Amino acid sequence: QLIDLAIHVVGIAIQHARARESLLASRRQYEVLIGSIDGIVWEADATTFQFTFVSPQAERILGYPVGEWLGQPDFWRDHIHPDDTGWAVAYCVAATREKRDHSFEYRAVAADGRVVWLRDIVSVVAEHGVVTKLRGVMMDITKSKRAEEARRQAEEKYRSIVENAVEGVFQSTPAGRFLTANPAMARICGYDSPEELLAAATDVASQFYLEPAQRTELMRELEEHDVVRGFELQIRRRDGSTAWLSETIWVARDASGAITHYTGMAEDVTEKRRAAGVRALIETRLRQAQKLEAVGQLAGGVAHDFI
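Reference entry: report on the structure contained in this document. These numbers come from a predicted model, not from an experiment.

Parameters and conventions
- Residues numbered from 1 in each chain as written.
- Predicted model: local features only at pLDDT ≥ 70, side-chain atom pairs only at ≥ 80, totals over all residues.
- Heavy atoms only, no water.
- Phe/Tyr/Trp six-rings, centres within 6.5 Å; stacked < 30°, edge-to-face > 60°.
- Helix = DSSP H or I, 4+ residues; strand = E, 2+ residues; numbered from the N terminus.
- Buried < 20%, exposed > 50% of the residue type's maximum accessible area, 1.4 Å probe, protein only.
- Lys NZ or Arg CZ within 6 Å of the ring centre and 35° of its normal.
- Expected span 1.5 Å × (residues − 1).
- Arc of directions from axis to C-beta.
- Contact = heavy atoms within 4.5 Å.
- Polar contact = N/O pair within 3.5 Å; in protein donor to acceptor, adjacent residues only side chain to side chain.
- Pairing = 2+ DSSP bridges.
- Core = buried A, V, L, I, M, F, W, Y, C linked by side-chain atoms within 4.5 Å.
- Axes fitted to C-alpha atoms, helices over the stretch in contact; angles between N-to-C directions.

**Notes on the packing of aromatic side chains**
Part 1: The final tally for this structure, using the stated rule, is 13 aromatic pairs.
Part 2: Relative to Phe104, the ring of Trp87 has its centre 6.3 Å away and its plane inclined at 75°; by these criteria the two rings are edge-to-face. Placement of Trp87 in helix α5 (residues 82-97) and of Phe104 in strand β3 (residues 102-109) is noted, with a sequence separation of 17 residues between them.
Part 3: Taking relative accessible area as the criterion, Phe104 reaches 5% and is therefore assigned buried.
Part 4: Clustering of aromatic rings is evident, with ring pairs tying together Phe49, Trp76, Trp87, Tyr91, Phe104 and Tyr106.
Part 5: Sitting over the face of the ring of Trp117, Lys145 holds its NZ or CZ atom 4.6 Å from the ring centroid.

**Re helix α10 (residues 212-225)**
Part 1: With 14 residues, α10 extends 20 Å between its outermost C-alpha atoms, agreeing within 8% with the 20 Å of an ideal straight helix rising 1.5 Å per residue.
Part 2: Inspection of α10 places Gln214, Arg215, Leu218, Met219 and Leu222 among the buried residues, and these make up the whole buried set. One side of α10 holds all its buried residues, which, seen down the axis, span an arc of 140°. Exposed residues pointing more than 90 degrees away from the buried face of α10 are listed as Ala213, Thr216 and Glu224.
Part 3: Along its buried surface, α10 packs onto α9 (204-208), β8 (227-236), β9 (242-253) and β10 (259-268).
Part 4: Immediately downstream of α10, the backbone of Asp226 shows phi near 70°, a positive value.

**Regarding the side chain of Asn182**
Part 1: Structurally, the position occupied by Asn182 is in the loop between β7 (178-181) and α7 (183-188).
Part 2: With a relative accessible area of 0%, Asn182 lands in the buried category.
Part 3: In this structure the side chain of Asn182 is engaged in a polar contact, spanning 3.1 Å, whose partner is the backbone oxygen of Glu167.
Part 4: At 2.9 Å, the side chain of Asn182 forms a polar contact with the backbone nitrogen of Val169.
Part 5: Beyond its immediate sequence surroundings of up to four residues, Asn182 is in contact with Val162, Ala165, Glu167, Gly168, Val169 and Pro194.

**A few points about the pairing of β9**
Consecutive residues of a regular strand have side chains that alternate between opposite faces of the sheet.
Part 1: When β8 meets β9, the two strands line up antiparallel, connected through eight bridges. Bridging across to β9, Glu232 finds its partner in Ser246.
Part 2: Counted along the chain from β8 to the antiparallel partner β9, the turn is five residues long, and its residue Gly240 has a positive phi close to 95°.
Part 3: Sheet topology places β9 next to β10; nine bridges connect them, and they run antiparallel. Its bridge partner lying in β10, Glu247 is registered against Ala266.
Part 4: Counting the residues in the hairpin turn of β9 and β10 gives five residues, including Gly257, whose phi is positive at 95°.

**Digging into α5**
For an α-helix the count is 3.6 residues per turn, leaving residues at separations of three or four pointing the same way.
Part 1: Helix length check: α5, at 16 residues, gives a terminal C-alpha distance of 23 Å against a target of 22 Å (1.5 Å per residue), a fit within 8%.
Part 2: Structurally, α5 contributes buried residues whose contacts are with α4 (75-78), β3, β4 (115-127) and β5 (130-140).
Part 3: Once α5 ends, the next one or two residues include Lys99, with phi positive near 60°.

**Details of the nonpolar core**
Part 1: Judged by nonpolar contacts, the single largest core of 29 residues is most densely connected at Phe51, Leu62, Trp69, Trp76 and Met138.
Part 2: Of the residues forming this core, the biggest block, four residues, is contributed by β4.
Part 3: Not counting residues up to four positions away in its chain, the partners in contact with Phe51 are Trp42, Glu43, Ala44, Trp69, Leu70, Phe75, Trp76 and Met138.
Part 4: Grouped together as the second largest cluster of nonpolar side chains are 27 residues, Tyr209, Phe231, Ala243 and Val251 included.

**A few points about unusual backbone geometry**
Part 1: Residues other than glycine seldom take positive phi values, yet Phe49 does so here, at roughly 65°.
Part 2: On the basis of relative accessible area, Phe49 is assigned to the buried category, the value being 7%.
Part 3: You will see that Lys99, though not glycine, has its phi angle at about 60°, which is positive.
Part 4: In this fold, Lys99 is placed in the loop between α5 and β3.

**Quick word on the side chain of Asp84**
Part 1: Within the secondary structure, Asp84 sits in helix α5.
Part 2: Those residues within four positions of Asp84 in sequence are excluded, and the remaining contacts are Tyr106 and Arg107.

**A word on the sheet that holds β5**
Part 1: The antiparallel open sheet is built from five strands, whose spatial order is β2-β1-β5-β4-β3. Edge strands, defined here as strands with exactly one partner in the open sheet, are β2 (51-54) and β3. Averaged over all adjacent pairs, the angle separating strand axes in this sheet is 25°, with direction ignored.
Part 2: Two strands pair when backbone bridges link them, and strand β1 (residues 40-45) and β2 are joined in this way by three bridges, in the antiparallel orientation. By the bridge assignment for β2, Glu43 is matched with Phe53.
Part 3: Contacts from α5 reach β3, β4 and β5 within the one sheet, and its direction differs from that of β3 by about 155°.
Part 4: Packed on one face of the sheet, helix α6 (residues 142-164) meets β3, β4 and β5 and runs near 125° to β4.

Structure (C-alpha cells):
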C-alpha cells in the first residue's frame, strides 16, 4: 500500500511537473507571440481603465517604462493628446457600457514630446454578464497619418491650381463625355459652372466640335502617340458662337492597355488667331502698298525720261 501510495504521489508530481512545463512552454510561446506583434498589447480594468498588462513594445512606441503604464491609475487618460482626451475617453466609456468591441484612432503624447497617432482595437470581456476587463492592441499609425495628410495637402494644392487656372483643364472618356472640368473649361464652352457643363455634355463630338471629323483625327493621333500637343480645333459654344482652342491631351490606359480616359488642357486662342489674321491682312496690304509705291516710282522714272 505504501508503495502504491508512493507511486501515486510520484505520478501526481510528474503530472504537475509536466503541467508546469507545458504552462511554461505555453507562456514562452505567448510571450514570443506578443513580442512579434508590432503594437502594444494591453489589458485594463473595465471600470478604472488602469492597465493590468502591457507588452514591452509600449516603451518602444511611446517611451514610457512598462512600470509607469501599470503603476499610474490614470496613465491612459493622462497621456492622450489634450485635443483628443475628451471624446476618446467618452467613446471608450460608452462602448464599454454597451459591451461593444470597438476601435478608434487618437493621438498620444510620447515621453519625448512627440505626437503619436494610435489605432486602438478594443475587445470587451464580460463574466456572467458583467464587464470586467478590456483587452486590446494599440498600433502606431503615425507614418500612415502623415502620408495621408501629405496626400490631402497635395490634393488641395492641385485642386486649387486647377480651380484657379486660366486654361481649361478636363478629363473625358473615349465615348465623348466629360468626367471632370474646371471653371475655366466651363467658361470656354459657354457654361456658368463645371456642373452645368458635365450635365449638358453627353456627346462632345457633335455638341462642341464645329467639324466632328477633327475629333476623329485627334483620337487617331492620341491612339498612336498617347499625347498630342497644341492641337487646334474650332468649337461651338453654348450660345452658338464659335471659338478656337489649342489643346494638349494625354492618354490614360488600364493594365490591359485599353484607353480609360483622356486628361487635357485647353487654351482659348480665338483672339490670338483673330489678331494673327488682322496682322496677316495688314502685312498683305502693306506689301501691296509697297508694290504700288514701287510701281509708282518706276512710272515716275519712266515719265521723267520722256520729258
